[in-house]
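# Inside the fold
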Amino acid sequence: MYNFLPKWNSGLLHRPLVRVCLCLFVSVCLFIFPALRSAQAHAYSASYTTINIDRTQTGLVYSLDELSVIELTAADANGNGMLDEEEFQTIKDKLMKLIQDHLTLKINGEEKAWTSVEEYKLERSGDATKVYLTVVYPAAAAGQTVSLTDTLYDKDTKTNYVDLLTVNYGQQKSTAALSGKSRTWNLLMTEADWAGVVQAAPPEAPQQAGDTGGAGQAADQPEAVSGWFSFFKLGMNHILTGYDHLLFLFSLLIARQSFKQYATVITAFTVAHTITLTLTVLGIIDISPRIVEPAIAISICYVALDNMLRKNVSHRWVLTFMFGLIHGMGFADLLKDMQLPNSELATDLISFNIGIETVQLVIVLVLLPLLLQLHRWKHARRLVYAGSSAALVLGGLWLIERIV
């Protein structure tokens with residue numbers, strides 16, 4: 001039998017190299033156990049909100065993915081993981097009450113109730129089945145503030161929720177990502193802005209947080225999220241909760257490599273996923289999650305096996321680049337349904353990607369010194385084999401889950 005563990009003696013734990021390796025092993029375990037628990041969980045819940053402001057009314061369209069609806073209302077009576085029309089009719093009143101309780105629109109600091117419900121439906125479209133609710137609020141006036149707060153899932157620490165917001169005001173659009181503790185967006189409607197809004201016209205760009213056009217922000221309004229910064233934080237959170245992406249990164253790094261090889265691998269991964277992230281959000285490519293998600297699991301299994309079968313890896317950047325293209329499509333999953341406006345597209349995409357890269361860089365900077373120390377240990381190969389075996393098992397579980 002292959003013995004993965006060294007023969008311990010009383011002084012071994014006092015050796016600095018062993019302590020470093022143990023630190024690395026514990027860090028991996030702390031990562032893998034939450035990932036195992038979340039393998040079957042709905043890790044990310046996304047809603048899409050559109051606010052249309054004109055002189056006669058404030059319209060709001062809210063959509064929520066079907067898996068979130070099932071989680072929130074226990075609507076899946078037949079247990080097939082899908083919401084049919086009969087199930088939707090059973091829970092529609094409960095869901096509307098939930099949305100009403102957690103979605104708050106204020107005008108000039110005063111909470112408003114919707115004046116009418118224009119449409120409420122379940123729309124099935126392949127992998128993108130959603131519930132749509134269209135409601136109307138009173139109109140705002142020049143010099144008033146408009147704010148939206150979304151507290152759905154605020155008590156659920158296991159679910160990462162984001163509301164991707166688009167606001168139409170005049171001829172332009174503005175965007176923000178409401179997530180984590182930053183759940184409020186607001187806008188000050190200045191006289192200059194309001195002068196360009198005509199009845200029945202799609203609206204002009206709202207000002208983001210911190211930009212009040214010189215008119216000042218109402219004192220009683222909650223602090224608004226900044227558009228670009230909200231997407232930066234969304235990118236950070238997206239990879240931090242994307243255990244499959246993190247495990248792929250870990251599998252790439254754990255194999256013995258030179259510093260130059262590490263740098264080349266990370267660069268290849270970054271360039272590749274940036275390409276497909278951008279192309280997917282732009283709508284130039286559109287590959288179903290039913291293909292992308294199993295392919296991501298396969299990438300983990302393949303790299304883990306490569307670590308186990310080859311003592312010395314080479315030309316890994318080529319493999320990394322190919323799999324990075326797949327991971328980029330996974331990163332784009334959240335944003336591709338948002339239809340980011342041209343005026344905001346570059347800023348939001350760059351901010352989201354920088355958020356991903358920031359976390360990735362921090363992880364690499366933390367792991368590299370540990371890995372370089374690890375590979376000086378005579379038992380390093382055994383630890384690489386053990387870590388890769390764990391990655392292979394977990395990747396295999398995700399693959400089964402995503403193809404069944």
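It should be emphasised that the depicted structure is a prediction, and the values quoted were computed from it without experimental measurement. (Residues numbered from 1 in each chain as written. Predicted model: local features only at pLDDT ≥ 70, side-chain atom pairs only at ≥ 80, totals over all residues. Heavy atoms only, no water.)

On to the side chain of Ser68, then. Mapped onto the secondary structure, Ser68 falls in helix α2 (residues 66-73). Within the local environment of Ser68, its side chain forms a polar contact with the side chain of Ser45, the two groups lying 2.3 Å apart. One polar contact links Ser68 to Asp65, side chain to side chain, over a distance of 2.7 Å. (Helix = DSSP H or I, 4+ residues; strand = E, 2+ residues; numbered from the N terminus. Polar contact = N/O pair within 3.5 Å; in protein donor to acceptor, adjacent residues only side chain to side chain.)

What follows concerns the pairing of strand β6 (residues 130-137). Counting buried positions over the eight residues of β6 gives seven, a clear majority of the element. Here strand β2 (residues 58-65) pairs with β6 via eight bridges, running antiparallel. Across the sheet, residue Tyr62 finds its bridge partner in β6, namely Leu133. In this structure, strand β5 (residues 116-123) lies alongside β6, joined through seven bridges in antiparallel fashion. Looking at β6, one finds that Glu123 is bridged to Lys130. (Buried < 20%, exposed > 50% of the residue type's maximum accessible area, 1.4 Å probe, protein only. Pairing = 2+ DSSP bridges.)

On to the nonpolar core. Formed by 38 residues in total, the largest nonpolar core has its most connected members in Ile51, Leu60, Leu148 and Trp185. Looking at this core element by element, the count peaks at five residues for helix α3 (residues 85-102). Leaving out residues up to four positions away in the same chain, Leu60 has contacts with Thr49, Thr50, Ile51, Leu103, Leu105, Leu133, Thr134, Val135, Tyr137 and Leu148. Of all hydrophobic cores here, the second largest spans 34 residues; its members include Ile296, Leu371, Leu374 and Ala380. (Core = buried A, V, L, I, M, F, W, Y, C linked by side-chain atoms within 4.5 Å. Contact = heavy atoms within 4.5 Å.)

Once that is clear, we can look at the environment of Glu119. Turning to its location among the elements, Glu119 is positioned in strand β5. With relative accessibility at 37%, the residue Glu119 sits in the partly exposed group. For Glu119 and Val135, which are 16 residues apart along the polypeptide, the C-alpha to C-alpha distance reads 7.1 Å.

Before going further, it helps to spend a moment on the packing of aromatic side chains. Describing an aromatic ring pair means giving the distance of the ring centres and the angle of the ring planes. Inspection of the entire model under this criterion finds eight aromatic pairs. Plain terms: the ring middles of Phe248 and Phe323 are 6.1 Å apart, the flat faces sit at 85 degrees to each other, and that makes the pair edge-to-face. Of this pair, Phe248 sits in helix α6 (residues 243-254) while Phe323 is found in helix α9 (residues 316-331), placing the two residues 75 residues apart along the sequence. Grouped by ring-pair contacts, the aromatic residues Phe248, Phe269, Tyr302 and Phe323 constitute a single cluster. (Phe/Tyr/Trp six-rings, centres within 6.5 Å; stacked < 30°, edge-to-face > 60°.)

Note: most peptide bonds trans; most residues except glycine with negative phi. Positive phi outside glycine occurs at Asn108, with the angle close to 55 degrees. With respect to the secondary-structure elements, Asn108 resides in the loop between β3 (103-107) and β4 (110-112). With a phi close to 55 degrees, His315 is a non-glycine residue in the positive phi region. By secondary structure assignment, the location of His315 is in the loop between α8 (289-309) and α9.

Time to look at the UniProt feature "transmembrane region" (unreviewed entry) in the chain. With numbering matched to this structure, UniProt assigns "transmembrane region" (unreviewed entry) to residues 262-285, 291-309, 316-335, 350-371 and 383-400. Taken end to end, residues 316-335 comprises 80% helix and 0% strand; its first and last C-alpha atoms sit 29 Å apart. The distance separating the terminal C-alpha atoms of residues 383-400 is 26 Å; by composition the span is 100% helix and 0% strand. (UniProt positions renumbered as here; feature names shortened; annotations may be inferred.)

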